[in-house]
Amino acid sequence: MNEINIIRAVAEKGYQISPEAAELIKASDVSGLLLEYVLSTIDESVFVIEAEHIDLAGFAASRVEGVAGITDVAGATGASSEPAILGEDRNSPGSDFGRDLVSDEIEKLSVSGDLFLPDAVSDPVSDPVSDAVSDSISDPVPDSAVGSESVLVSGSVPGAFSDSVPASGVGSDPVLSVPSGSAGRINSASGTGNSLSFSVPVPASRGRPFSAASGRGSGSSSSTSVVRSIGGPNPVTVLSDITGHSTCVGEYMQFVQYFRDRYSRLSEIIRGRINARPIESLKGRSFRRGGGEKGSEEISIIGMVSDTSTTTNGHRIISLEDPTGSFPVLVRNSEKELFELASRIILDEVIGVTGSVTNDGGLMMASKIIQPDVPNSALRRTGAKGKAVLISDVHVGSAQFMEDAWLNFLDFLKGDSDSEALKKMAEEVRYLVVAGDLVDGIGIYPDQEKELTILDVYEQYIKAAEYFWEIPKHIQIIISPGNHDAVRQAEPQPALPVRIREHFPPNVTFVGNPSLVDLDGVSILIYHGRSIDDLVASVPGVSYQEPAGAVLEMIKRRHLAPTYGSRVSISPEKKDYFIIDPVPDIIHTGHVHTLGVQRYKNVLLVNSGTWQAQTEFQKRVNLMPMPAQVPVVDLADFGVTILKFDE
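An account of the accompanying structure is given in this report. (Residues numbered from 1 in each chain as written. Predicted model: local features only at pLDDT ≥ 70, side-chain atom pairs only at ≥ 80, totals over all residues. Heavy atoms only, no water.)

## Some points on the overall build of the protein chain
- Along its length, the protein chain carries 15 helices and 22 strands.
- Sorting the 647 residues of the protein chain into buried and exposed places 57% on the buried side.
- Accessible surface computed for the protein chain: about 25,200 Å², of which carbon and sulfur atoms make up 50%. (Helix = DSSP H or I, 4+ residues; strand = E, 2+ residues; numbered from the N terminus. Buried < 20%, exposed > 50% of the residue type's maximum accessible area, 1.4 Å probe, protein only. Areas by Shrake-Rupley, 256 points an atom, 1.4 Å probe, with all protein chains shown as cover.)

Here is the structure:
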């Protein structure tokens, strides 16, 4: 392979490569195999492949041992065309449930470079790469109080399904405009982005994501253990974070286990409100006066949505499945409120349905749909004082990075303002939370290099670190990654690697995406928000102009990324890190470069804006960003003030 082809192949997998590393690969007699070996064994925290990352001895040994036949997951060289699963009879009825979904998603992640998997082997028990997986977990946090989870190996699936399986309102918050070098003045809120006029195709149906075995999933506890804690006058406690605990190697059973965990935990939430029965109990049973007649027997089921469709008469059909089977539910268009809710149901969310079953036992007529949602009794914590500043999408390194406005923001944090009100507010700032896209990155979209002022991703982070050194040391900073940052694209994403973190001041805490943190008694769920793209495309009424509306849809479903396999690439971990449990005080998102603030059942929803002016891509899709507008949250009463730094 020549150097250009090597660079292209690496870029397709989401990496960069140094000239020295490219030269080392090119010099090999089997450069193609060596490159594939490097890409399949590279630590997921690496963003730029250096010569030191190329294990020539390991490559030679793997070829000798006969396990270096680089493959994708769906078709291993010298192995079965499907991942072997211990104890499964492939000829048994129902053994293919979910296989189409899982194999499609594995192939999608493998081809897109979001998962870099070890070489496939034919023996599911004695997998020589399994022992090495734990060593390749990305940058475990040194002060983590939790050990890494065990690696899931084919054929040993803890908790597998078997007979025993382990009112919203927008407040009129004040907006302060902060011109450079002058006293701030109070303005009314302004600025609304234009809609993004393209759609994302969503699969019309799904294969069954559960195993064919019967049984109910065990409920999961909503209690959250401490991952790590930073003390001091402005304490930070990390409650949930993927960093250092990723177990995904892309095996079939991991996808099954991921969906099983999602169903089990969300159904447990719904089960507290309805007395549901397994879907298999509906089949072959005689029901009293079904078909929705008065006096008919009403029953409830809980399932994951595998398909939605509309009949010729305009009614809505929702296909639900649980570990025991699947069943169709009809929602009639004559029931306006229920039908409107059904029209907003999307694939892969978990819902409960109450209704009556037709006499032939083949269809349920819905009378009620229950989403996990937030309980009305959810109470906010009290007692905290001071302010938390929420930002995202800084995009250092972009030609459209608004440095002047950013420097005005830093002056505000340092108390350098002509306005006494702003000086007083700055004194009360205890936390700064960054929800992803700290830098613009490299190779995120075609021809991006034409819109960059810093062409090296590490130099982008070094520049960003210089800015953060200017922030007063008493302010605790929490930084989570986004899709432009130097981590894997598949979510959940680990924290930025040590090589980047070491440039930043000691008052910065790095967490993954998503992550749940506690700031002196106030819990904040931080998520970059890439799934907003999916929600805009699939839920009527959700738009980029009002991004908090998308976050509202997340919390009603108690899930940050409900639809699997659309725009967001999701790594099938043993635990579904996107489930919103426990309910936080604040959900902080970004990604779409527009500002939105909303309150829902005592939960504050904030989508922060950006520090990047409109890019050429945004012009093409008619997206108008809302830059340099900063939500400042009062931790005592959760009031929000918007500061403007672009004037």
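After presenting the structure, the write-up continues.
## Concerning the side chain of T594
- Looking at where T594 falls in the secondary structure, it is placed in the loop between β18 (586-589) and β19 (596-600).
- Classification of T594 as buried rests on a relative accessible area of 0%.
- Every residue in contact with T594, bar those within four places of it in the chain, is listed here: Y544, P547, N607, S608, G609, M624 and M626. (Contact = heavy atoms within 4.5 Å.)

## Let's talk about the packing of helix α2 (residues 19-26) against helix α3 (residues 31-41)
- It is the contact of α2 with α3, at a shortest axis distance of 8 Å, that shows an interaxial angle of 130°. By the criterion of interaxial angle, the relationship of α2 to α3 is oblique. Contact residues: L24, I25 and K26 in α2; S31, L34 and L35 in α3.
- Broken down by class, the residue content of the contact of α2 with α3 amounts to four nonpolar, one polar and one charged. (Axes fitted to C-alpha atoms, helices over the stretch in contact; angles between N-to-C directions. Parallel < 35°, antiparallel > 145°, perpendicular 65-115°, else oblique. Nonpolar A, V, L, I, M, F, W, Y, C, P; charged D, E, K, R; others polar.)

## Some points on the sheet that holds strand β11 (residues 364-370)
- With mixed pairing, the five strands of this closed barrel are ordered in space as β7-β8-β9-β11-β10. If you compare each strand with its neighbour and ignore which way they point, the axes differ by 55° on average.
- Sheet topology note: the strand β10 (residues 350-357)/β11 ladder contains six bridges and is antiparallel. Paired with V357 across the two strands is M364, which belongs to β11.
- Its contacts with the sheet put helix α7 (residues 252-271) on β7 (298-310), β8 (316-322), β10 and β11, and the angle it makes with β7 is roughly 135°. (Pairing = 2+ DSSP bridges.)

## Remarks on the pairing of β19
- Of all the five residues making up β19, four are buried; the element is thus mostly covered by neighbouring parts of the structure.
- Relative to strand β20 (residues 603-607), β19 runs antiparallel, the two being bridged by five bridges. Its bridge partner being in β20, Q598 is matched across the sheet by L605.
- The hairpin turn running from β19 into β20, its antiparallel successor, is two residues long, and K601 in that turn takes a positive phi close to 50°.

## Considerations on the packing of aromatic side chains
- Within the structure shown, the criterion is met by 18 aromatic pairs.
- Geometrically, the ring pair formed by W406 and F409 is tilted, given 5.4 Å between the ring centres and 50° between the ring planes. In this pair, W406 and F409 both sit in helix α9 (residues 403-413), three residues apart, roughly one turn of the helix. Each of the two residues, W406 as well as F409, counts as buried.
- One aromatic cluster in this structure is built from F401, W406, F409, F412, Y467, F468, F504, F510, W611 and F645. (Phe/Tyr/Trp six-rings, centres within 6.5 Å; stacked < 30°, edge-to-face > 60°.)

## Overview of the nonpolar core
- F409, L432, F468, F504 and W611 are the most contacted members of the largest nonpolar core, which has 47 residues in total.
- Taken together, the elements giving at least two residues each to this core come down to β12 (387-391), α9, α10 (420-428), β13 (429-435), α11 (457-469), β14 (476-480), β15 (508-510) and β21 (629-634).
- The leading source of residues in this core is α11, at seven residues.
- Formed by 45 residues, the second largest nonpolar core is a distinct cluster that contains I270, I346, Y564 and V592. (Core = buried A, V, L, I, M, F, W, Y, C linked by side-chain atoms within 4.5 Å.)

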